[in-house]
Amino acid sequence: MTISAKNFRELRLDHMRRDFGGMNALRDITLTIKRGEFIALLGPSGCGKSTALNCLAGLLPLSGGSIWLDDTRIDHLKPEERGFGMVFQNYALFPHMSLRKNIGFGLKMQKRPQAEIDAKVEEALALVRLSKQADKLPGQISGGQQQRVAIARAIVVEPPLVLMDEPLSNLDAKLRLEMRAEIRRIHNMIGCSTIYVTHDQDEALSLADRIVVLRDGQMRQVGTPQELYARPAHADVAEFMGYRNILKAEAETEQNGRLTMRLGGAKLEGFAVEPGHGREVIAALRPEDLTPANDGPIAAAVVSAEYRGRDFYGLARTQEGLDLWFRSELSVQPGEQLRLGAPAERVLVYAGAAA
Ligand code: ATP
């Protein structure tokens, strides 16, 4: 017997909406998730991530739209009728029950035969590498191990969908990295779909097959980690994906999407991402792509610099008072005058005026 996801083709969210009074916490969420896909819901605090997860779990009713598992409409079903697995940041284990009992609880509620429960629990324990600790209480194991128990408990019922709400946020940095790999490994082994809520772009990039970026309850962009990293569709998505320099500029000439812009006193080249931009544009670039170069177009003075092991990460200011985050392989000192430049293909240009 092997733990595997229940057979299904896809989960479909069709114009899903949730209001709180007059406030639209989620609007018009339409998305099809294939069996086996790992989806990260990524966005800043208050963007609607937890509301989306709670709607999927059945803990919050929808205000509009529907949720479908293949041809079955499921948004009116109670949480336990949906049969999804859930993993939360606070683990939510029963403190007085052994790990084995915690993991078997859902199967017991489903009144499965004891022999089947025992076999499935053993398998889930092995999958999360906790077989030897099975008779301990949650209080006798570490935070990382407790999170493994929570994962085992979620997957032992062989759910089509596993919902995870910032499951690693209570763990230290090293354990977070280890558990990331574990979560992906377990996901691959059981073949379920996973929806993983996080505000951490690194976590989303490293785990997901597709990332859904939410903002103000709306989907701003859906794409693979590579697409979101290299080609954010909007300036606010770019900012969230680590394009720390979001700069107001004035478009001058354009040929085949390649733009020349005026940025304070400097001329900068970049590529238009959003069609139909006017003269006022926003240039987005990552600190790691803006580096000191003798022929760099931007003159600035170093404000501060931090050693990061392989290189230095600094803040510089132009004469016009524009702040720029940059990276340097060589040591730089506050007050030092620099010329900074970036390859045109790494400068993304969006419509509109930066704040
Ligand atoms: P965080 O990362 O801080 O948990 P989030 O992205 O999960 O944020 P949600 O908790 O889904 O955001 O909240 C989305 C919006 O809905 C927020 O503006 C929030 O204040 C509002 N909201 C959430 N729950 C309720 C509620 N029960 N009553 C009223 N408003 C709510």
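Keep in mind that this is a model prediction, so the values were computed, not measured.

**Student:** Which residues make up the packing of aromatic side chains, and what values do they have?
**Tutor:** Across all of its chains, the model carries four aromatic pairs by this definition. Sitting over the face of the ring of Tyr229, Arg286 holds its NZ or CZ atom 3.6 Å from the ring centroid. The ring of Tyr313 carries the charged tip of Arg308 above its face, separated from the ring centre by 4.2 Å.

**Student:** A description of the domain arrangement of the chain should follow, citing residues and the corresponding values.
**Tutor:** Each assigned domain of the chain is listed here: domain 1 (10–232) and domain 2 (236–351). Distance between the C-alpha centres of domain 1 and domain 2: 38 Å. The interface is formed by 15 residues belonging to domain 1 together with 14 residues belonging to domain 2. Across the domain 1 to domain 2 interface the summed buried area is about 1200 Å²; carbon plus sulfur atoms make up 61%. Of all residues in domain 1, the largest losses of buried area upon contact with domain 2 belong to Tyr229, Arg231 and Pro232, amounting jointly to 46% of the total for that side. The interface formed by domain 1 and domain 2 includes two salt bridges. Residue Arg215 pairs with Asp236 through a salt bridge whose shortest N-O separation is 3.5 Å. There are five residue pairs in polar contact (both at pLDDT 80 or more) connecting domain 1 and domain 2. Taken together, the elements giving at least two residues each to the side of domain 1 that touches domain 2 come down to α7 (201–207), β9 (210–215), β10 (218–223) and α8 (225–230). Of the residues forming the side of domain 1 that touches domain 2, the biggest block, three residues, is contributed by α8. The residue makeup of the side of domain 1 that touches domain 2, split by class, is eight nonpolar, four polar and three charged.

**Student:** Run through the pairing of strand β18 (residues 323–328), naming residues and quoting values.
**Tutor:** Here β18 shows a buried face lined by Leu324, Phe326 and Ser328 and an unburied face lined by Asp323, Trp325 and Arg327. Here strand β17 (residues 312–317) runs beside β18; their pairing, made up of six bridges, is antiparallel. Counterpart to Phe312 in the pairing with β18 is Ser328. Connecting β17 to the antiparallel partner β18 that follows it, the hairpin turn spans five residues, and Gly321 within it adopts a positive phi of roughly 90 degrees.

What counts, and where the lines are drawn
Residues numbered from 1 in each chain as written. Predicted model: local features only at pLDDT ≥ 70, side-chain atom pairs only at ≥ 80, totals over all residues. Heavy atoms only, no water. Phe/Tyr/Trp six-rings, centres within 6.5 Å; stacked < 30°, edge-to-face > 60°. Lys NZ or Arg CZ within 6 Å of the ring centre and 35° of its normal. Domains from an automatic or database assignment. Contact = heavy atoms within 4.5 Å. Buried area = accessible area lost by both parts, 1.4 Å probe. Salt bridge = Lys/Arg side-chain N within 4 Å of Asp/Glu carboxyl O. Polar contact = N/O pair within 3.5 Å; in protein donor to acceptor, adjacent residues only side chain to side chain. Helix = DSSP H or I, 4+ residues; strand = E, 2+ residues; numbered from the N terminus. Nonpolar A, V, L, I, M, F, W, Y, C, P; charged D, E, K, R; others polar. Buried < 20%, exposed > 50% of the residue type's maximum accessible area, 1.4 Å probe, protein only. Pairing = 2+ DSSP bridges.

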